Amino acid sequence: MNKENIIQLKDIRMSYDGETVLDGIDLTIRDGEFVTFLGPSGCGKTTTLRIIAGFESQDGGDVFFGGQNINAVPPHKRNINTIFQRYALFPHLNVYDNVAFGLKVKNTPKSEIHDKVIEMLELVNLKGLEKRKIDTLSGGQQQRVAIARAIINHPKVLLLDEPLSALDLKLRKDMQVELKNLQKRTGITFIFVTHDQEEALSMSDTVVVMDKGKIQQIGSPADIYNEPENAFVADFIGESNIIDGVMKKDFLVQINGRDFECLDSGFNTNENVDVVIRPEDVDIVPPINGMLEGVVTSVTFLGVHYEIIVDINNFKWMIQTTDFHDVGETVGLFIEPDAIHIMKKSEYSGKFGDYSSYSDELDEMNEEAAEAAALAEESEDE
Amino acid sequence: MNKTKSGQVVLNAPYLLWSAIFIVVPLLFVVYYAFTTANGSFTFNNIINFFTNEQYMTVFWRSMLYAVWATVISLVIAYPFSYCMSKVNASSQRMLMLLVMLPMLMNLVVRTYSWQQILEKNGLVNTLLESIGLEPIQFLGNAGVIIFGMVYNYLPFMILPIYSSISKVDKSLLEASNDLGCNTFGTIQKVILPLSIPGVLSGITMVFVPCVSTFYISRQFSDGNIKMIGDVIEDKFYRSSVPDYNIGATISLVLMLIILISLAVVNKFSDDDDQTGGVVI
């Protein structure tokens, strides 16, 4: 995988009305990669995408495309196409003319346009719908028209701005697979924006986790999940118990006054750290065999497994297990060294990873949603 | 069910009554006068007279021609103006909207009379010209100034629907067009223009209809020398020494039919794609 770099962002900065949206984004994307920008609403992922597309110009920093600085290149001259969040299909044109739009602009001969449009519609399973009006199509069909309209131009890079968020769950899953296949088949570099961590993990070669206008971590889906950089990443990607710990020495960490073997090294002696333990990596055992001991405070049946909250010294752990344990039961926890992941303390320390109250987390989510709505309104006002 | 139905009838009654008395009855009078002689017997002669009288026909075609010119000029001014207006920031948009609407707060008679004062032989403009040693210009009394008067009076009716349909075009469509290789001009041509057609059609109707039936503007701006069909109708009903309701009603009826036909033509166009965005009249 020693492919050339197709997109490079250098210290991209952006603010709206004095509020920082992007705070020094540095990123290199290789040709043919499937890259996902993942983060909560307002983290700057869509703004970054729009800067790459050329719809917005950054306040500072440079965008390179195949080594060329494209800061001053307008969107219609960039070899980049976009699939918009709500598709942005032209309502006055039928399916055929929507897909043919880009080729017509380039004055492609009619017969060539016809062949290519038909080929594209076949590729996205829309053959026979050429003459249909856009508003007679279902959400999934509109999505496919948007895909065909973008890739018929053979862009080097395809930008996808939360393209699946308007689809229902089942269709979304199908489209995830289709998009991934399409990317493999065409070899086009995909830059995909989503706030859905599952989507990001299942589709991408590389995940870029963003928050507050900064890149928190770049890595493969497995890296992001198994080796989160900080408490934010650990909490945002999947469920995590994040506990305060002290690094006694290499490969030994103290949690709750007890020493645990681990696989991490390179910290200072007695350095305070965040310890991440995934809920599925904890085994519930009889108290006598456990490394830690706690009381079950809540059990939720989720089909495949139970989600059990265990109180250990007033810190609530989440544990996922297929065995049932009743509320009030005293249980022991057993944790393998490879289930323990040590992170340096960061601004996010202490904010995530405690399951003492779901309602707190819900409040936070509601706040975020309200903020996002306010932000969306603002951007519409422009 | 029954209750709500009778309730609806009661609620609708005042409006139905109002419409009947002030719209339907006058219309019936127009039709009655158009097809009767002065002593009340039925006749087609009024219609025949109107279409065979050279004077009436000259005035009629003049009205059509002036109205077409005024509509075309309004469109040519209003479209770019509306486009630019939709591009500036929100507060400037409000300001421009206010400026467009401002003349409409004055009565048409007052507006037209003011312009007459400004443009007449000893009016404001000529006084200024003379004060800097230039020859006065004869502004009034020609077709151009009457068309100017109509454009001035009815331009807002062209701007408002066009502006409303342009500003309703989803911004992401413009980005999509840009993204697919269109520059700004191509985007206007391929996306904004087709999507604002409903607004353009409403604008055309809303300007053409009042223009074709204009009176007063033509009289004031030509000292009564250039007559439009509206002036003739006015004359027939109460300005001439011998009022002739029958021929007045006939001309009104013909004018109404012309307006209905032009509305139907415009609606036919907008039926082709039922985009919302225009103002429906």
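Not measured: the values here are computed from a predicted model.

## A word on the domain arrangement of chain A
Residues and elements named next belong to chain A.
Here's step 1: For chain A, the domain assignment lists domain 1 (5-226) and domain 2 (239-355).
Here's step 2: Each of domain 1 and domain 2 was reduced to a C-alpha centroid, and the two centroids are 39 Å apart.
Here's step 3: Counting residues at the interface gives six residues for domain 1 and six residues for domain 2.
Here's step 4: A combined buried area of about 500 Å² lies between domain 1 and domain 2, and 26% of that area is made up of carbon and sulfur atoms.
Here's step 5: Our count for the domain 1 to domain 2 interface comes out at one salt bridge.
Here's step 6: If you look at where domain 1 meets domain 2, you find four residue pairs in polar contact (both at pLDDT 80 or more).
Here's step 7: If one sorts the elements of the side of domain 1 that touches domain 2 by residue count, helix α7 (residues 221-226) sits on top with three residues.

## Considerations on the interface of chain A and chain B
Here's step 1: Across the boundary between the two partners, chain A contributes 19 residues, which contact 17 residues of chain B.
Here's step 2: Where chain A abuts chain B, roughly 1,700 Å² becomes buried across the two surfaces, and 63% of that area is made up of carbon and sulfur atoms.
Here's step 3: For chain A, the biggest contributors to the area lost against chain B are His76(A), His92(A) and Phe101(A); these three give 32% of the whole.
Here's step 4: Here chain A and chain B share one salt bridge between them.
Here's step 5: One salt bridge in this structure joins Arg50(A) and Glu175(B), with 2.6 Å as the shortest N-O distance.
Here's step 6: Taken together, the connections running from chain A to chain B amount to five residue pairs in polar contact (both at pLDDT 80 or more).
Here's step 7: Sorting the residues of the side of chain A that touches chain B by element identifies β6 (80-83) and α2 (95-105) of chain A as the ones contributing at least two each.

## Let's talk about the sheet that holds strand β1 (residues 5-16) of chain A
All names here are of chain A.
Here's step 1: With antiparallel pairing, four strands are arranged side by side in an open sheet as β2-β1-β4-β5. Each edge of the open sheet is held by one strand with a lone partner, namely β2 (19-30) and β5 (68-69).
Here's step 2: Alignment of β1 against strand β4 (residues 60-65), held across five bridges, turns out to be antiparallel. Within β4, the residue paired with Gln-8 across the bridge is Phe-64.
Here's step 3: Packed on one face of the sheet, helix α1 (residues 45-53) meets β1, β2 and β4 and runs near 120° to β1.

## Focus on the confidence of the model for chain B
All names here are of chain B.
Here's step 1: Scored by pLDDT, chain B has a mean of 88; 94% of the residues are at 70 or more.
Here's step 2: Of the regions scoring below 50 in pLDDT, residues 273-281 engages in 18 contacts with residues more than four places distant in sequence or in other chains.
Here's step 3: Interface confidence for the predicted complex, given as ipTM, is 0.80, next to a pTM of 0.80.

## Things to note about the pairing of strand β3 (residues 34-38) of chain A
All names here are of chain A.
Here's step 1: Of all the five residues making up β3, five are buried; the element is thus mostly covered by neighbouring parts of the structure.
Here's step 2: Burial along β3 is two-sided: Phe-34, Thr-36 and Leu-38 facing one way and Val-35 and Phe-37 facing the other are all buried.
Here's step 3: Looking at chain direction, β3 and strand β8 (residues 189-194) are connected through five bridges and run parallel. Paired with Phe-37 across the strands is Val-193, a residue of β8.
Here's step 4: Bridge count for β3 against strand β9 (residues 206-211) is four bridges, and the pairing is parallel.

## Regarding the pattern of salt bridges
Note on pairing: side chains with opposite charge can pair once their charged atoms come close.
Residues and elements named next belong to chain A.
Here's step 1: What the rule picks out here adds up to 22 salt bridges over all chains.
Here's step 2: With a shortest N-O distance of 3.7 Å, Glu-33 and Arg-30 are connected by a salt bridge.
Here's step 3: On the basis of relative accessibility, which here comes to 29%, the residue Arg-30 falls in the partly exposed class.
Here's step 4: Its salt-bridge partner being Glu-112, residue Lys-116 comes within 3.5 Å of it at the nearest N-O pair. Here the residue Lys-116 and the residue Glu-112 both occupy positions in helix α3 (residues 110-123), the gap between them amounting to four residues, near one helical turn.
Here's step 5: By sharing partners, the salt bridges in this structure join Asp-11, Arg-13, Asp-23 and Lys-214 into a single network.

## Some remarks on the packing of aromatic side chains
Residue and element names in this part refer to chain B.
Here's step 1: All chains considered together, the criterion is met by 27 aromatic pairs over all chains.
Here's step 2: Here the aromatic rings of Phe-148 and Tyr-152 are separated by 6.3 Å at their centres, their planes lie at 25°, and the arrangement is stacked. Of this pair, Phe-148 and Tyr-152 both sit in helix α7 (residues 143-167), four residues apart, roughly one helical turn.
Here's step 3: In this structure Phe-148 comes out as partly exposed when scored by relative accessible area, which is 34%.
Here's step 4: What makes Tyr-152 partly exposed here is its relative accessible area of 26%.

## Some thoughts on the sheet that holds strand β17 (residues 306-312) of chain A
Residues and elements named next belong to chain A.
Here's step 1: Read across the open sheet, the five strands follow the order β15-β19-β16-β17-β18; overall the sheet is antiparallel. On the outer flanks of this sheet lie β15 (282-285) and β18 (315-321), each paired with one strand and no other. Taking the axes of each pair of neighbouring strands and ignoring which way they run, one obtains an average angle of 45° across the sheet.
Here's step 2: Here six bridges tie strand β16 (residues 292-301) to β17, and the two strands are oriented antiparallel to one another. Each residue of the ladder has a partner; that of Val-299, found in β17, is Ile-308.

## Overview of helix α5 (residues 169-186) of chain A
Residues and elements named next belong to chain A.
Here's step 1: When the terminal C-alpha atoms of α5 are compared, their 26 Å separation across 18 residues agrees well with the 26 Å that a helix rising 1.5 Å per residue should span.
Here's step 2: Considered for burial, the residues of α5 that qualify are Arg-172, Met-175, Gln-176, Leu-179, Lys-180, Leu-182 and Gln-183. Around the axis of α5, the buried residues are gathered within 160° of arc, so they sit on the same side. α5 presents Lys-170, Lys-184 and Arg-185 as exposed residues on the side facing more than 90 degrees away from its buried surface.
Here's step 3: Summarising the contacts, the buried residues of α5 are in contact with β3, α3, α4 (139-151), β7 (157-161), β8 and α6 (197-203).
Here's step 4: A positive phi of about 70° marks Gly-187, the residue just after α5.

What counts, and at which threshold
Residues numbered from 1 in each chain as written. Chains lettered and ligands numbered in written order. Predicted model: local features only at pLDDT ≥ 70, side-chain atom pairs only at ≥ 80, totals over all residues. Heavy atoms only, no water. Domains from an automatic or database assignment. Contact = heavy atoms within 4.5 Å. Buried area = accessible area lost by both parts, 1.4 Å probe. Salt bridge = Lys/Arg side-chain N within 4 Å of Asp/Glu carboxyl O. Polar contact = N/O pair within 3.5 Å; in protein donor to acceptor, adjacent residues only side chain to side chain. Helix = DSSP H or I, 4+ residues; strand = E, 2+ residues; numbered from the N terminus. Pairing = 2+ DSSP bridges. Axes fitted to C-alpha atoms, helices over the stretch in contact; angles between N-to-C directions. pLDDT = per-residue confidence, 0-100. Buried < 20%, exposed > 50% of the residue type's maximum accessible area, 1.4 Å probe, protein only. Phe/Tyr/Trp six-rings, centres within 6.5 Å; stacked < 30°, edge-to-face > 60°. Expected span 1.5 Å × (residues − 1). Arc of directions from axis to C-beta.

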